[in-house]
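# Observations on the model geometry
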Amino acid sequence: MTFKKTVAMYPNPPNVGILANIQAYLRQAGYPAFRYRQLMQSLQQGIQNFDDMVELPKPIRKNLSTRFGPTPLPLKIATSQASKQVEKVLFETQLGARIETVRSHYRAGWTSMCISSQAGCGLGCTFCATGAMGLMKNLTCDEICAQVFHPYWQKQLPDSIAFMGMGEALANPDVFMAIDTMIAKGHGGISPRRLTVSTVGHAPNLEQLTQKHPQVNITLSVHSPFPEQRAQLIPLERKFPLAENLTILDRHVMNHHRKVYLAYLLIDHVNDTTDHLNALIALVKRRCRPELFHVNVIRYNTAFGADPSYRQPEASKVSTFVEQLKAQGIHATRRTQFGEGIAAACGQLHAVTGSLISRQKAK
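A brief structural summary. Keep in mind that what you see is a predicted model, and the values were worked out from it rather than measured. Just so you know, the residues in each chain are numbered from 1, in the order the chain's sequence is written. In view of the model being predicted, local features appear only for residues whose pLDDT reaches at least 70, and side-chain atom pairs are presented and counted only at 80 or more, with totals across whole chains, interfaces and linings using the full set of residues. With hydrogens and water set aside, each side-chain value is computed from the structure's full complement of heavy atoms.

Turning our attention to the sheet that holds strand β4 (residues 111-114). Read across the sheet, 10 strands follow the order β1-β2-β3-β4-β7-β8-β9-β10-β11-β12 without closing on themselves; strand pairing throughout is mixed. Of all strands in the sheet, those bounded by a partner on one side alone are β1 (75-82) and β12 (331-334). In this sheet, neighbouring strand axes are inclined to one another by 25° on average, regardless of whether the strands run parallel or antiparallel. Strands are treated as partners if at least two bridges between them are detected by DSSP. Think of it this way: any DSSP run of H or I at least four residues long counts as a helix, any run of E at least two long counts as a strand, and we number them from the N terminus. Across four bridges, strand β8 (residues 195-199) lies against strand β9 (residues 217-221) in parallel orientation. Each bridged residue has a counterpart across the sheet, and for Val-197 the counterpart in β9 is Ile-218. Lying on the sheet, helix α10 (residues 274-285) is in contact with β10 (260-266) and β11 (293-299); it crosses β10 at an angle near 170°. Axis definition: a line fitted to C-alpha atoms, over the contacting stretch in the case of helices. Angles run 0 to 180 degrees between N-to-C directions. Any two residues having at least one pair of non-hydrogen atoms within 4.5 Å are treated as being in contact.

It is worth spelling out the nonpolar core at this point. The nonpolar side chains of a soluble globular protein tend to be buried, and buried together. Residues belong to a common nonpolar core when they are buried Ala, Val, Leu, Ile, Met, Phe, Trp, Tyr or Cys residues joined through side-chain atoms within 4.5 Å. A simple rule labels every residue: compare its accessible area, found with a 1.4 Å probe on the protein chains alone, to the largest value its type can have, and call it buried under 20%, exposed over 50%, or partly exposed in between. Ranked by size, the top nonpolar core spans 78 residues in total, and within it Phe-127, Phe-163, Met-182, Leu-262, Val-295 and Leu-325 carry the most contacts. Setting aside anything within four residues of it in sequence, one finds Leu-325 in contact with Leu-277, Leu-280, Ile-281, Val-295, Val-297, Ile-330 and Ala-332. Ile-22, Phe-50, Leu-56 and Phe-68 belong to the second-largest nonpolar core, a separate cluster that totals 16 residues.

A separate point is the environment of Ile-267. Structurally, Ile-267 can be placed in the loop between β10 and α10. On the basis of relative accessible area, Ile-267 is assigned to the buried category, the value being 1%. For the pair formed by Ile-267 and His-223, sequence separation is 44 residues and the distance between their alpha carbons is 8.8 Å. Sequence-distant contacts of Ile-267, defined by excluding residues within four places in its chain, comprise Phe-127, Leu-233, Asp-272, Tyr-300, Tyr-310, Arg-311 and Pro-313.

Okay, the environment of Gln-324 next. Within the secondary structure layout, Gln-324 lies in helix α11 (residues 315-327). Residue Gln-324 is classed as partly exposed on the basis of its relative accessible area of 37%. Residues Gln-324 and Leu-277, spaced 47 residues apart in sequence, show a C-alpha to C-alpha distance of 8.0 Å. Here Gln-324 is in contact with Leu-277 and Ile-281, once residues within four sequence places are set aside.

A helix is expected to reach a length of 1.5 Å times the quantity of its residues less one. Over its 12 residues, α10 extends 16 Å from the first C-alpha to the last, a length consistent with the 16 Å expected when each residue adds 1.5 Å. Along its buried surface, α10 packs onto α8 (227-233), α9 (242-256), β10, β11 and α11.

As judged from the four bridges shared by β11 and β12, these two strands associate in the parallel manner. The residue of β12 that forms the bridge with Val-297 is Arg-334. Place the viewer so that the strands point away; then a crossover is right-handed whenever the path from the first strand over the helix to the second strand goes clockwise. Note that the unit made of β11, α11 and β12 has a crossover that is right-handed.

Spelled out as C-alpha cells, the structure:
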C-alpha cells in the first residue's frame with residue numbers, strides 16, 4: 001500500500017511559482033543550466049537560504065537573494081508539536097500568515113498528510129476552530145505545495161495527502177494549480193488517487209474538480225441531512241445547497257465510476273438522533289449509485305472558538321451510529337483520528353500556539 005520514496009525535487013518545475021521564476025531568471029541572465037540543478041540539489045540537502053548554497057558562485061547567490069529574498073522556500077517553520085502518532089507543524093508565510101499542517105503515522109506503516117489551503121476560513125462553520133478565525137488569505141500554489149515538499153520532512157512523501165486542513169479548499173482557485181503541480185511528472189509525481197479534496201460544498205468548483213481531476217478523491221461534508229439545520233452548521237448551505245452538490249457527485253460517479261465520501265460529524269444531542277440517522281440513510285439511498293457513496297462518521301472534537309454548546313458524543317454512540325448505517329446497506333466507517341491532545345484533529349486547526357490558547361482561555 002505504501003509508496004515510500006524521496007521527493008523528486010523539481011527538476012522540471014511547472015510554469016508557475018517561485019522555482020519556475022528562478023529557473024527563468026537564471027536562463028535569462030545567461031547562467032548555464034547546471035546552476036539551477038545545483039540550487040535544487042542544495043534544497044534536497046536541506047539547505048534553505050541562498051547564502052548557504054555554497055555550490056553556487058557568490059555573485060549568483062547575491063543576485064538571487066536580491067531578487068527573490070533570502071530563501072526560495074515560501075514557508076518557514078514557526079513551531080511544531082507531536083503526539084504518539086501525529087506531528088503538527090505551524091508554518092509561517094513570507095508575509096507572516098500562519099497555517100498548520102498535520103502528518104499522521106499509522107501502525108500499519110503508512111503516513112498521511114493533512115494540508116491547508118487558506119490561512120483561516122471565511123465560511124463560518126460553527127463546529128470549526130479555523131472558521132472562528134475568519135479568512136486571512138488564500139494560500140498560493142507555492143505555499144500549498146511547500147507544506148508537502150518542505151525539507152523539514154526529510155524528503156519523504158506521505159502515502160496520501162488530504163486538503164482537509166485550514167480553509168475551504170474549493171474556495172481557493174490556486175488549489176487546482178497546486179494539484180497540477182503535485183501530480184506533474186518531474187515535479188511531485190504523486191498519483192491523483194493519493195490526493196483527497198474535502199469540501200463543505202462549493203458547488204461551482206466541485207463541478208470543476210470532477211471534470212479536471214476525476215481521479216482525485218472527494219469528501220463532501222454533510223453533517224446534517226436537514227437543510228435548515230445544516231445551514232446553521234455550514235452557512236454555505238444557503239448559497240450552495242447540499243442537494244446541488246450531491247447532484248454533481250451523482251454525475252461524477254456515473255461518468256467516472258469513482259467512489260466518493262460523505263463526511264458526517266457526529267455532535268452529541270445535535271445531529272445524532274434516529275431522525276437524523278434515517279434521513280441520512282434515505283439521502284444515500286436516493287443516489288444514482290448508492291454503492292459508490294461511503295459515509296465517514298467523525299466524532300466531534302472540542303474546537304477552540306466553536307459553538308460552546310457542542311459536545312463530543314460517547315465513543316459507543318459513534319460506533320452504534322456506524323453499525324446502524326451498515327445494517328441498512330450503507331457503506332460506512334468511523335474515521336480514525338489522532339492528535340486531539342495537540343489540537344491536530346478534525347476541526348481543531350487554528351494556527352495559534354498552545355501558550356496563547358492558555359492565556360486566551362484564562363481571560
